[in-house]
Amino acid sequence: MMLRRRVALSPLLRSSALSSAAPRRFIAIAPDPNPSPDPTQPPSSSSSSRSDRYDSAISSGLSTFAGIALLAGAGLAYHKWYKWEVLRKMGRAFGEGYDPVMELANAAALDAEGRKRPSGHIQREEQGFMDELMEGRELPGEYLLLLGPKGAGKTTLVVEALLKNGADGAAMVEAHEDPEVFRLRLGKALDFEYSEDSFAGLFQRKDPREAGPLLDIERCLAKLEKVAIKYRKERGRPLVLVFNNIHFIHDDPEGHSLLHMLQQRAESWAAAGVLTTVFSSDDFAPYRHLKKNASRMHVLRVRDLTPAETHAVLARARATHFPFEEPLDPEVSMKVWDLVGGRLSFLSKLARQKDVMKAAEEKVESEKRWLLGRLGLIPDLDDDVMDEQKVSSCSMLLFQEFARLADEAEEENQAALAAVATRLRLLPPIVADDASLDAYDLPYMLPAHDVALDYRRTREVMTRPDYVQDLDHHNILHIDEEHFVRPDSRLMLSVFRSIAAEPDFEDKLSNVRDRVDEIESLHRTSELTVKGPPADLGGFLRIRVGKLEKEHEGGDAGEDDGGRQV
């Protein structure tokens, strides 16, 4: 311990220093190089200082370990809670009244004053089946594919069934061509965030979605499987998941991977009875891919409305839009059906027009202009558009065949429609919701009303079967699960008949086909140009076709001097 020297001062100087008001002065004293030990301090030892360091290290280690253990326990508890919360939220997505599609349908079903609008829909044959399916009482051990042309009412069937049971145990996802968008829509329908709302993402070095949207979709379906198993145990019925408009998924390897992933889950869920999957498609292509690996798939074809159902929809809709007009005559409804058919998307637009028959005729002309703009014939075409005209000419051959079949059945069709109109006059102006219209459509069941060709006959007529699926994709033709090809709608059949009835149609078709054959023959012709000295121009040229052997290299022995060999 460092000690300072004591300096003695005289009493006079001490008293003067104490009494003086001047500032005190301090004298710096150098430390003693050999200080004597302080008797009041205990002697220090190296063992006690080492023990203090050990105690301090142990205390710091215990504090650190306790902090890490507390952090790990909190993280583990949060991880367990988050996994439980994910399953709870996904289970809530199948609760009554949650589905976003149903919310949109309910919003559209109410008027400005909050009252429910009349739907204008009729009870279709397929609706009862779909209602039972949404309740989990149909298709045990199977999954469903709704197949039908665009606008036939597939989505309407599903939404009506969701509204009836309040989406209890059911959810609906709209498909999309981009897997990223499909991933987001699936997450919204199932209330799944793909761990994007987890704090654990702050401590991850890599993006959990680095492998792409397909891996995220697989994770979501794995979570859904756990929810479905729990729901089955608690409620004794399967969940229902609808993938609507799967024809939007691209017909390419990435789209096939997504489609097969969904099908694999649908097969396993159907086998276990925990979840019923419903696919909906306008096109034949998804069915073609699903059929390869399908063992539990059930196909339901959604048809257009019958003539009697068409009259019921038009009469009910016109009573809403034109309440002061006279009820629609069944004979007018039959003429409208003969032109445009019973497609719901068409009827909903025609019913808003005061003159329904005129609107139907204008619809036929509009579709005809669209079809000719896409597949119209170009006589004396240039070789630059040969590929396009090959598609057009082959398609027109098929359209001509459909028109011929329809013309052959014209007399029978008109008699059948007149009989349906007579029967419908016995009904009230607006058919009741629970009225059965089957008895009034008996003439409609005649085969003459279904203009269709099987796939084999279609290949023979078109001569290029690879164009059929493209026409199906653009809603010109429709291919069903039995491989029958028919016009996409009665409206399209009317367009085919109108085109084939044009006076110069046959001449145009023959001209285009001849011109295509001529251009193709020119492309198949090879031209050989030989250049040589001017003296050789008057001789002859011998061409040998085949493998060049050694004995041929020197030319033929008996060859004349005036000729050359190539």
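Structure: see above.
Calculation criteria
- Residues numbered from 1 in each chain as written.
- Predicted model: local features only at pLDDT ≥ 70, side-chain atom pairs only at ≥ 80, totals over all residues.
- Heavy atoms only, no water.
- Helix = DSSP H or I, 4+ residues; strand = E, 2+ residues; numbered from the N terminus.
- Buried < 20%, exposed > 50% of the residue type's maximum accessible area, 1.4 Å probe, protein only.
- Contact = heavy atoms within 4.5 Å.
- Areas by Shrake-Rupley, 256 points an atom, 1.4 Å probe, with all protein chains shown as cover.
- Axes fitted to C-alpha atoms, helices over the stretch in contact; angles between N-to-C directions.
- Parallel < 35°, antiparallel > 145°, perpendicular 65-115°, else oblique.
- Left-handed = near helix turned anticlockwise from the far one by under 90°.
- Pairing = 2+ DSSP bridges.
- Right-handed = clockwise from strand over helix to strand, strands pointing away.

Q: Tell me about the overall build of the protein, and please be specific about residues and values.
A: Regarding its fold elements, the protein presents 19 helices and ten strands. Buried residues in the protein amount to 39% of all 566 residues. Taking all contacts inside the protein whose residues are at least 6 apart in sequence as the whole, residues at least 24 apart take part in 76%. Here the protein displays about 33,100 Å² of accessible surface, and carbon together with sulfur accounts for 54% of that area.

Q: Could you give an account of the packing of helix α10 (residues 307–321) against helix α15 (residues 410–424), with specific residues and numbers?
A: Between α10 and α15, whose axes approach to 10 Å, the crossing angle comes to 50°. Relative to α15, the element α10 is oriented oblique. As α10 packs across α15, the resulting crossing turns out to be right-handed. In this structure, α10 contributes P307, A308 and H311 to the contact, and α15 contributes L417, V420 and L424.

Q: Can you break down unusual backbone geometry residue by residue, with the values?
A: The phi angle at N245 is positive, at roughly 60°, despite the residue not being glycine. Residue placement: N245 occurs in the loop between β3 (239–244) and α8 (253–272).

Q: Please give an account of the pairing of strand β4 (residues 275–281) that cites residues and values.
A: The buried count for β4 comes to seven of seven residues, which makes it a mostly enclosed element. Side-chain alternation along β4 places L275, T277, F279 and S281 on one buried face and T276, V278 and S280 on a second face that is also buried. Where strand β1 (residues 143–147) and β4 come together, four bridges link them in parallel fashion. Each bridged residue has a counterpart across the sheet, and for L147 the counterpart in β4 is S281. For β3 and β4, the ladder comprises five bridges, and the chain directions are parallel. Bridging across to β4, L241 finds its partner in T277. Taken together, β3, α8 and β4 constitute a β-α-β crossover, and its handedness is right-handed.

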